[in-house]
Amino acid sequence: MDVLEINDIALRLHRNEQCFEHQCVILEQGSALLFNAQALSARRLYPRHCASTYWQYLSLEQGRQIGGFRHPADLAHQQLLAMAEQFGPSPVLLAVPASFGEAQLSLLLGILRETPWQVQGMINQALACLAEQAESGSHAHLELHAQQVLLTQLQADADIGVTSYQHFSALGWDNLHEHIMRHLTRRFIQEQRFDPMHRGETEQAMYEWTQAVCSGQANNELVIANKVLRLDGQEISELICQFFIPLQRALESQQANLWLSPRLAALPGLADLLKNAKCLSLNAAIAACKYVSPSPDSQAIPLIDSLPRTSQSTRLAWPTHILFQDHALPLTAGGYGWQNHRLTHMSDSPAFLLNRQDSGFVLVANAPWQARSVRTDGLLRLGDEITLCQGEQQHQLRFIRVLP
């Protein structure tokens, strides 16, 4: 089962430890509709032929017509079809924002039933991302959307569940781009007597540069129409921090553990502004799959906004022992190797090391040994199988939990 995250900046499909994004912009070109990167590359060239707010206002209310479609629901349907064609459909767990009401969730399920995607369950997005992360206590998950930041409050005790949410309007991805582009335009006018906002081609070039920088792709030089603007390394970070100061002030009294979504975490300088925040990995939501059983009735799929931490505890998702053949060895930090064909703790010339981090154990092979099937984030999880190789030697390890 894959995870499909709904966000009005881009839909995210988590599949086999990989994450695929599909931008929420649709461009009408003649009688055809263009999606994803093709639409994004012309968003500022043909703004009247683009649609980008259909997820935020998901409904059957009539709006501006794009490609013969008048309802936001129709455009969402078209994007989901295009995404299925590009990546291939699959059974999915939907991860939805807390701001979606019952009517929108019902409409979303109806839309998906008219696509090749097979919805197996539906879960609050913040809960999905924190299902394996949150210790006991209060938590606040921050997610960036096109026109707002969404804060979802969760409480982790015997259960972990959503308690409330609030949104911070005008602090979204699109708003941030406008903020940065206004600053860049002022500098171009002052230093070059050139206004990149007067032509669609130059505005699009500045928009694409801003997108790259906000995605963590550092670039201290902007070239548009042979005009060069050089930026100090701290300039963009300071601009971003300035933009999010209202959010910082709103969070000053926040006592909960603060978690930043991957898109927020990638913004230069923001993690320094929100000093106590923790950054979630890109694939954090995929962990929720192991706690959700596929729904037998595709017509009635309830929203999961809490998970038990007793029978399906986040702590049970982490292994306690390494199993090699018929022998289980407790997980502790340090070196491991083989003696007399048995796995044992070893300080001299180990085959691999286990390093303890706040979020769990990481396995690191010690040359000339090599490790296969290690996760991209390096963390060991319950059920992982890793093969250690050196020449012709191959040893398979399985990471298990031994209950007391």
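It should be emphasised that the depicted structure is a prediction, and the values quoted were computed from it without experimental measurement.

J.: Any chance you could explain the packing of helix α5 (residues 173-192) against helix α6 (residues 200-214) here in plain terms?
T.: When two helices pack together, their arrangement is given by the angle between their axes and by how far apart the axes lie. For the pair α5 and α6, the least separation of the axes is 10 Å and the interaxial angle reads 120°. As summarised for this structure, α5 and α6 are arranged oblique, according to the angle between their axes. Crossing of α5 over α6 shows right-handed handedness. Between α5, through Trp173, Leu176, His177, Ile180, Met181, Leu184 and Thr185, and α6, the contact on the second element is made entirely by Glu203, Met206, Tyr207, Trp209, Thr210, Gln211 and Cys214. Looking at the contact of α5 with α6, its residues break down into nine nonpolar, four polar and one charged.

J.: In this structure, what is going on with the sheet that holds strand β14 (residues 257-260)? I would like to understand it.
T.: The strands that make up a sheet pair up through hydrogen bonds in the backbone, lying either parallel or antiparallel. One open sheet accounts for six strands, arranged β15-β14-β9-β10-β11-β17; its pairing is mixed. With one partner strand each, in any of the chains shown, β15 (278-279) and β17 (306-308) form the two edges of the open sheet. The sheet contact formed by β14 and β15 spans two bridges and is parallel. What sits directly across from Trp259, in β15, is Lys278.

J.: For this particular structure, what's the right way to read helix α7 (residues 235-243)?
T.: Turn by turn, an α-helix covers 3.6 residues, leaving residues three or four places apart pointing in a common direction. For α7, the tally of buried residues reaches seven of nine residues, placing the bulk of the element in the interior. Lining the buried residues of α7 we find α5, α6, α8 (245-251) and α10 (270-273).

J.: Explain the nonpolar core to me, please; I cannot follow it from the model alone.
T.: A general trend in soluble globular proteins is that nonpolar side chains are found buried together. Counting 49 residues, the largest nonpolar core has Leu142, Leu222, Phe244 and Leu267 as its most contacted members. Considering each element in turn, this core owes the most residues, six residues, to α5. When sequence neighbours within four positions are dropped, the list of residues in contact with Leu142 reads Val149, Leu150, Leu151, Leu247, Leu251, Leu258, Trp259, Leu260, Ser261, Leu264 and Leu274.

J.: Where do I start with the packing of α5 against α7 in this structure?
T.: Where α5 meets α7, the closest approach of the two axes is 10 Å, and the angle between their N-to-C directions is 130°. It follows from the interaxial angle that α5 and α7 lie oblique. Of the two possible hands of crossing, α5 and α7 adopt the one that is right-handed. The residues of α7 that touch α5, namely those facing Asn175, Leu176, His179, Ile180, His183 and Arg187, are Glu235, Ile236, Leu239, Ile240, Gln242 and Phe243. Considering only residue class, the contact of α5 with α7 consists of six nonpolar, four polar and two charged.

J.: I tried to follow the sheet that holds strand β8 (residues 118-124) on my own but got confused; where do I start?
T.: The sheet built from six strands is open, its strands ordered β3-β2-β1-β7-β8-β16 with mixed pairing. Single-partner strands in this sheet number two, and they are β3 (18-23) and β16 (303-304). The pairing of strand β7 (residues 91-96) with β8 spans six bridges and is classified as parallel. Across the sheet, Leu93 pairs through a bridge with Gly121, a residue of β8. Contacts from helix α2 (residues 72-87) reach β1 (2-5), β2 (10-15) and β3, with the element oriented near 140° to β3.

J.: Would you take a moment to explain the environment of Ser237 for this structure?
T.: Structurally, the position occupied by Ser237 is in helix α7. When the C-alpha atoms of Ser237 and Gln204 are compared, they prove to be 22 Å apart, with 33 residues separating the residues in sequence. Every residue in contact with Ser237, bar those within four places of it in the chain, is listed here: Pro268 and Gly269.

J.: I would appreciate a short explanation of α2 in the present structure.
T.: Helix length check: α2, at 16 residues, gives a terminal C-alpha distance of 23 Å against a target of 22 Å (1.5 Å per residue), a fit within 8%. The buried fraction of α2 amounts to twelve of the 16 residues, a majority that puts the element mostly inside the structure. Taken as a whole, α2 has its buried residues at Pro72, Ala73, Leu75, Ala76, His77, Gln78, Gln79, Leu80, Ala82, Met83, Ala84 and Phe87. Looking one or two places after α2, you find Gly88, whose phi comes out positive at around 90°.

J.: What's the story with unusual backbone geometry in this structure? I'm lost.
T.: Trans peptide bonds make up the majority, and among non-glycine residues the majority have a negative phi. A cis amide bond links Ala367 to the next residue, Pro368, at an omega of 10°. Turning to its location among the elements, Pro368 is positioned in the loop between β23 (360-365) and β24 (370-372). Even without glycine at this site, Asn226 takes up a positive phi of about 65°. One can find Asn226 in the loop between β12 (221-224) and β13 (227-230). By relative accessible area, which is 76% here, Asn226 ends up exposed. Residue His341 is not a glycine yet carries a positive backbone phi of 65°. Within the secondary structure, His341 sits in the loop between β20 (334-339) and β21 (342-345). Take His341: its relative accessible area is 70%, and that puts it in the exposed class.

About the criteria used
Residues numbered from 1 in each chain as written. Predicted model: local features only at pLDDT ≥ 70, side-chain atom pairs only at ≥ 80, totals over all residues. Heavy atoms only, no water. Axes fitted to C-alpha atoms, helices over the stretch in contact; angles between N-to-C directions. Helix = DSSP H or I, 4+ residues; strand = E, 2+ residues; numbered from the N terminus. Parallel < 35°, antiparallel > 145°, perpendicular 65-115°, else oblique. Left-handed = near helix turned anticlockwise from the far one by under 90°. Contact = heavy atoms within 4.5 Å. Nonpolar A, V, L, I, M, F, W, Y, C, P; charged D, E, K, R; others polar. Pairing = 2+ DSSP bridges. Buried < 20%, exposed > 50% of the residue type's maximum accessible area, 1.4 Å probe, protein only. Core = buried A, V, L, I, M, F, W, Y, C linked by side-chain atoms within 4.5 Å. Expected span 1.5 Å × (residues − 1).

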